[in-house]
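Structural overview
This is what each chain is made of:
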Amino acid sequence: MGTRLLEVTVNGRTRCDAVDDATLLVDYLRRSVGLTGTKQGCDGGECGACTVLVDGAPRLACITLAASMAGRSIETIESLAAAGRMSPLQRAFHEHLGAQCGYCTPGMIMSAEALLRRDRAPTEDAIRAALAGNLCRCTGYVKIVESVQAASRALAEGER
Amino acid sequence: MSSSIGAASAEASPPRTVGHPTPLVDGVDKVTGRARYTADLPHADALVGMILRSTVAHGTIVGIDVSAARALPGVRAVVTGDDFAAPYGVIPIAQNEWPLARERVRYRGEPIAAVAADDRASAEAALAAIVADIAPLSPVFTAQDALAEGAPLLHRDKAGNVEREVAQDFGDVDAGFAAADLVRERRFHYAEVAHGQIERNAAVASFDPERGELTSRSTTQVPYYLHLAIARCLGLDRAQIRITKPFVGGGFGHRVEPLNFEIVAAALARAAGATVRVEQSREDSFLTHRGRPETDIRLRLGLRAGGEITAVDCEVIQRGGAYAGYGVVTILYAGALLHALYRVGAVRYRGLRVYTNTPPSGAMRGHGAVDVRHAFEALLDEMGGELGLDPFALRRANLIEPPWRTANDLQVNSCALAACLDRVEEASGWRERRGKLPRGRGLGLACSHYVSGAAKPVQWSGEPHAVVNLKLDFDGSITLLTGAADIGQGSSTLLTQVAAETLCLPIERIRVVAADSALTPKDNGSYSSRVSFMVGNAALRAAEALRDTLVEAAARTLGVAATEVVWQGERCLVRGTDRELDFASVVAAALAGTGTLTVKGVWTTPSEMQGGRFRGAAVGSTAGFSYSAQVVEVAVDEETGAVSVEHVWVAHDCGFAINPLAATGQVQGAVWMGMGQALQEETQYHEGLALRPNFLDYRIPTIAESPPIDVTLVDSLDPLGPFGAKEASEGSLHGFAPALTSAIADATGIRLMALPATPDRVLDAIVRRRREARLESMRANRAAAAAGERTNP
Amino acid sequence: MTIDATTPRFEFRRAASVGEAVQWLATPGARVHAGGTDLVPNLRRGLERPSIVVDIGGIAGLAGIAWRDDACAIGATVTLARLAADARVASTYPALAEAAAAVGAPAHRSAGTVGGNLCADTRCVHYNQGAWWRGAVGGCLKRGGDVCHVAPQGRRCHAAFCGDLAPALIALSAELDVASYGGVRRMAAVDLYRDDGAAHLALLPGELVTAVRLPPPDGVSGYRKARVRGSIDFPLAGVAIALRVGQRSIERAIVAVTGVGPRPVVVGTEAIVGRRVDDETAALLATRVEQSVKPMRTTATPAAYRRQVAGVLAARLLRTLAA
Ligand SMILES: Cc1cc2nc3c(=O)[nH]c(=O)nc-3n(C[C@H](O)[C@H](O)[C@H](O)COP(=O)(O)OP(=O)(O)OC[C@H]3O[C@@H](n4cnc5c(N)ncnc54)[C@H](O)[C@@H]3O)c2cc1C
Ligand code: SF4
Ligand code: FES
Ligand code: FES
């Protein structure tokens, strides 16, 4: 049984917090840091609601030990809006109704974010593959695919 | 008629909001992570509440010793069934469930005690220290066992474990069958399914012993039913209780009745004199259940050669689980909605709702009617095939023409099913493609319908069905106060649109405050697709009242008659002149004499829409039915039994789409949820213990296998709906499963009589059919050989 | 009626080297943590109660893929995402790339590692449940009880090993480097497993898999997985085949099946070697597979289906590889 000082970067800010060795990343983010945008829908690893980015790759915060994050960079849904303005993905999810109840949305958007950073113009198949671990019970996913496509278009227009 | 909405718009060019795709008014909060759901509410000082569940399926509680638990460090409160004043249940005549079991436990997972402690570890230690002495009784896990002679009884007052037996006969059924050219009877079986809303259950309750006040925030679809239940179970005056609903992550019926954990959180808060937070696991939601019951159906239909339905004879048995919940309503819906989709005059319905030692079933999206709709459409499809009728022609032979009163006294005022059929026939390329697809590919059609709000709510004193308040203040902002719970379906957005449209104002001027019993007018909650229709109508009327007040104030200021004022929202004009007044001046004028204004709009379902006079007639009655037709295309892998849904085309008659964006999203979600149930979702029990209480074994479809769903919204302008609108979030669910199995039949010749169509079931059916075909051809060969011997001796 | 407290308690240590890791692993009750995607769900459910959790994610030497000609050494902490995206792996060892891509969902693959996948725990519907649930059935042979709910008469646990990589690595004749306090040994991938769901790994206490070594490919290979959903699900059955077909007939075939028992099943291929790949040969292989695998009722899906579908997948894959 142990406690440690955990040094991590959360949404661009370096932090140092005391955490119990057994603390899950999702509890660290929600309780210690106070970022409740990251959700929990299952009892461990089965739904994707807790998806965050660790060094740019999607990770399930509910089956990640906070202690294993020392020195890593974590990004949550709260990091995407700059100066309070929605990111292209957030705007697309809002305008195209990619979010109904909104509960799967933070995880969904973080998975999509990881995809679009890798591939700004993904095919529909690539979108489906990237979001395949994020369950949504409201949308039937149709408008989620459309939202990611719209964000991809917006990114392309932004470049031009 | 759809009221006076035309009045203002005739001459004006106001911002039109209804009928336009409108992003959700609370959407920004959701996509940025700012939205606070129950588990996100900050409460540094909250105690951790946890619930102990029975591991015994059926037993007498001899004693529950909590003394050791109470004595543990950090434990602030321990409660058991004895701490409650009354049992609960969403239907006033069937309240037989205690928040924590008393005297008896009736299912594995039933809550029996609860603790509040300083932290999770202390709470867990306290649960472990509770000693429950339960003397086992023999359990019954299936409807069949529960109905067997001499089966142990779950409830003393329910002989034979029958919660409700329904027998309804409309028209001359025997004559109907006699007049039929084809009569067929089939049996169907449907697995139990669960809502699977992604948000886990949670409640935060606080009690202030000094003032005797309780506040509760929780994951509910029915804050006002919860209000009643907490008052009743805790023996509190309702005025001492305040319920607010934070953001809610879906419901689909799981949260449409007050649930044990919410009431327990309140009891713990009171016992501890503190704030208690109960956060439940995914396993907990499966144990709490309230999903669609396991169902057995026997269905007989009579058809004329042209496809007209002459008679319906349907028997439904639902395994209800351990407590009443919505059960009576569920079994009544199953019968009531045999009507109102097609012209059927003769209908015999027998329904049995049975108590078993499994978690209680309840209401789930498409309440009561989903499995029956599958049976009905599947048998129609099969019989149509025998009669050589195209599935579309078969449906068209049975269309309702409104206004129409069904045999069971339901009123249909609008129905665009014919148009829905036309749309999906065309969109799917049915005529060109059906019957010409390669082996293993198939197309199937089914129709469905649903209510836009139950005309008689289960808790009802005769009050209006919906009330909305609009508050106009000196700052020129309008606050729409509604008790309606937006659980993601977009009801707050819809109400904003309705009010904005009526007032000719941009939606930014209107702010919604929803579901806070201290501020908002009572509302029955988000279920049976009632919000758009009923609360929408109330919002419309409130906005009209406010507009009238404003027009009068403008008229006074301008010194003209109100009829001379052309209302355009942000400004108004005197007819035929260029004299005008801006909104701020109108507001100032209107409030000068009265101060801040609050106006009210109410909606009451007309009495002719409230059903007939027979027992159970209220269920199924509604002010408006939605209609839907859908075509599903499948690919079946005949070696592995895997079914993949390639495409869905659906047309939904929602009367009028106030928010086409949300309505389309709702229809897609409904179709897709139908797909989950039809393809792969099922609960399962091992001696009464939930075997799939997680998201790995309870297989909600992922995006990877989910199809494109093309939606056409069809208008029928319902005379009672707000702007002609009806429901859009349930009716298309029912059609998916039958369209799927018809498509599978088209692809493979196999008609599945049991759902879900998991690969193992499909493969079983394929293997069985092959075996039968082999046997048949052997028999035929033998017969031919024998015949050959006879003719050529 | 008791409830196991589920809040896990352990000491977390991040190893800087293999030496440090194996030293700590020598402590009784120590557990390796790589990606944690299998271990942490089990910790949360109280299925594992380690005293020390040794994280190997920070050991520099374990995270690489090294090639010598067409042979390859893959470090134990290489992630599945990386493996699935590596073009050279995909062209040289298609079975391995396909298996890696078939694991769970993207977020499992970006955390999950090769070593963790090989050493993942076995699974059973009566085991992968919460603490209350297992208390309600009195535990089982695998943990905390004395009966097996799948085969109550027996004394053996039938929980199924469900890793996707193992059959591919077995078919590709991979070997493993295994380090311990005592040194390093090498073993065939197939020898990592034992036919006991409660103790399915042939590792000694404190041993650590450090690398997977693959010989140059001998023919073609592929992996096929049966699952109900298009993602997330563990295999109901997963079949890997490595195949060398000469001018006319099969010269060599290794077939391994996962998800059907405590260890991956290697299916005898004598019956098909020397034959041409045609429908009859494929059917023969399907029959051999169905006879070799004996899934028990450890999943909610009926065991008979897992057996049937394993045969179908093997037959199909054989035809695809030979085409
Ligand atoms: C919802 C869900 C779905 C999943 N689906 C699949 C699936 O489809 N297919 C599949 O194969 N897996 C699946 N998994 C399991 C898991 O994600 C993968 O098996 C993954 O590869 C495990 O790797 P890891 O590094 O995360 O292992 P860890 O969790 O870190 O470790 C797993 C086990 O191996 C031991 N271990 C780890 N590394 C070593 C080593 N180098 N030497 C010795 N012992 C070691 C650990 O002590 C532990 O007991 C799924 C998991 C979840 C939660
Ligand atoms: S196979 Fe038997 S012993 Fe093994 S985990 Fe399942 S129930 Fe337990
Ligand atoms: S909460 Fe992390 S995967 Fe479900
Ligand atoms: S929007 Fe509700 S779960 Fe996805």
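All values reported here derive from a predicted model rather than from experimental measurement. Sequence order sets the numbering: in each chain, residues are counted from 1 along the sequence as written. All chains are assigned letters beginning with A, and all ligands numbers beginning with 1, in the order in which they are written. Only residues with pLDDT of at least 70 get local features here, since the model is predicted, and only at 80 or more are side-chain atom pairs given and counted; chain-wide, interface and lining totals rely on the full set of residues. Hydrogens are left out, water is left out, and the side-chain values use all remaining heavy atoms of the structure.

Re the sheet that holds strand 1 (residues 3-10) of chain A
Residue and element names in this part refer to chain A.
- Strand order in the open sheet formed by 5 strands is 2-1-5-3-4, and the pairing between neighbours is mixed. Strands with a single pairing partner mark the edges of an open sheet, and in this sheet they are strand 2 (13-20) and strand 4 (57-60). Going across the sheet, the axis of each strand differs from the next one's by a mean of 45°, ignoring polarity.
- Two strands pair if DSSP finds at least two bridges between them. In this text, helices come from DSSP runs of H or I with a minimum length of four residues, and strands from runs of E with a minimum of two, each type numbered from the N-terminal end. As paired strands, strand 1 and strand 5 (residues 73-75) are joined by 2 bridges and run parallel to one another. Bridging across to strand 5, Thr-9 finds its partner in Ser-73.
- Across the sheet, helix 1 (residues 25-33) is in contact with strand 1, strand 2, strand 3 (51-54) and strand 5; its angle to strand 2 comes to roughly 105°. Working convention: axes come from line fits to C-alpha atoms, limited for helices to the stretch in contact. Angles between N-to-C directions cover 0 to 180 degrees. Throughout, a contact is declared for two residues whenever any of their heavy atoms are within 4.5 Å.

Some remarks on the site of ligand 1
- Near ligand 1 you find 33 residues, and of these C:Val32, C:Thr37, C:Leu39, C:Thr113 and C:Asp164 are the closest.
- When at least one non-hydrogen atom of a residue lies within 4 Å of a molecule or strand, that residue is treated as near it. At ligand 1, the nearby residues belong to more than one chain, namely chains A and C.
- Pairing of N or O atoms within 3.5 Å defines a polar contact, subject to two protein rules: one partner must be a possible hydrogen donor and the other a possible acceptor, and residues neighboring in sequence count only if both atoms are side-chain atoms. In the model, an oxygen atom of ligand 1 is placed 2.7 Å from a nitrogen or oxygen of the C:Leu39 main chain.
- Residue C:Asp233 places a main-chain N or O atom 3.1 Å away from an oxygen atom belonging to ligand 1.
- When ligand 1 is considered free in solution it has 980 Å² of accessible area, and contact with the protein chains removes 98% of it. Using a 1.4 Å probe, the Shrake-Rupley method yields the accessible areas, and only the shown protein chains count as cover for residues.

Things to note about the packing of aromatic side chains
- Centres within 6.5 Å make a pair out of two Phe, Tyr or Trp rings, where for Trp the six-membered ring is used; the pair is then stacked when the planes are under 30 degrees apart, edge-to-face when over 60, and tilted otherwise. A full pass over the atoms with the stated rule returns 15 aromatic pairs over all chains.
- Seen in terms of ring centroids, B:Tyr107 and B:Tyr323 are 6.3 Å apart; in terms of plane orientation they differ by 75°. Their pairing is edge-to-face. On the criterion of sequence distance, the pair formed by B:Tyr107 in the loop between strand 4 (104-105) and strand 5 (111-117) and B:Tyr323 in the loop between strand 14 (309-321) and helix 10 (327-336) is long-range, its members being 216 residues apart. Assigned by exposure class, B:Tyr107 and B:Tyr323 land together as buried.
- Each residue in the set A:Tyr103, B:Tyr37 and B:Phe247 is aromatic and connected to the rest through ring pairs, giving one cluster.
- We note B:Arg373 situated over the ring of B:Phe376; from NZ or CZ to the ring centre the distance is 4.8 Å.
- Cation over ring: C:Lys142 sits above C:Tyr127, and NZ or CZ is 4.6 Å from the ring centre. Remark: exposure states derive from per-residue accessible area (1.4 Å probe, protein chains only) relative to the maximum for the residue type, with buried under 20%, exposed over 50%, and partly exposed in between. Charge over a ring is defined by NZ of Lys or CZ of Arg lying within 6 Å of the ring centre and within 35 degrees of the ring normal.

Notes on the pairing of strand 26 (residues 625-636) of chain B
All names here are of chain B.
- With 12 of its 12 residues buried, strand 26 lies for the most part within the structure.
- Residue alternation in strand 26 divides its side chains into two sets, Phe-625, Tyr-627, Ala-629, Val-631, Glu-633 and Ala-635 and Ser-626, Ser-628, Gln-630, Val-632, Val-634 and Val-636, and both sets are buried.
- Two strands pair when backbone bridges link them, and strand 18 (residues 441-451) and strand 26 are joined in this way by 11 bridges, in the antiparallel orientation. For Tyr-450, the partnering residue across the bridge sits in strand 26 and is Ser-626.
- Bridge count for strand 26 against strand 27 (residues 643-655) is 10 bridges, and the pairing is antiparallel. Across the sheet, the residue bridging to Val-632 is Val-648, located in strand 27.
- Connecting strand 26 to the next strand, strand 27, in antiparallel fashion are 6 residues, including Gly-641 with a positive phi near 80°.

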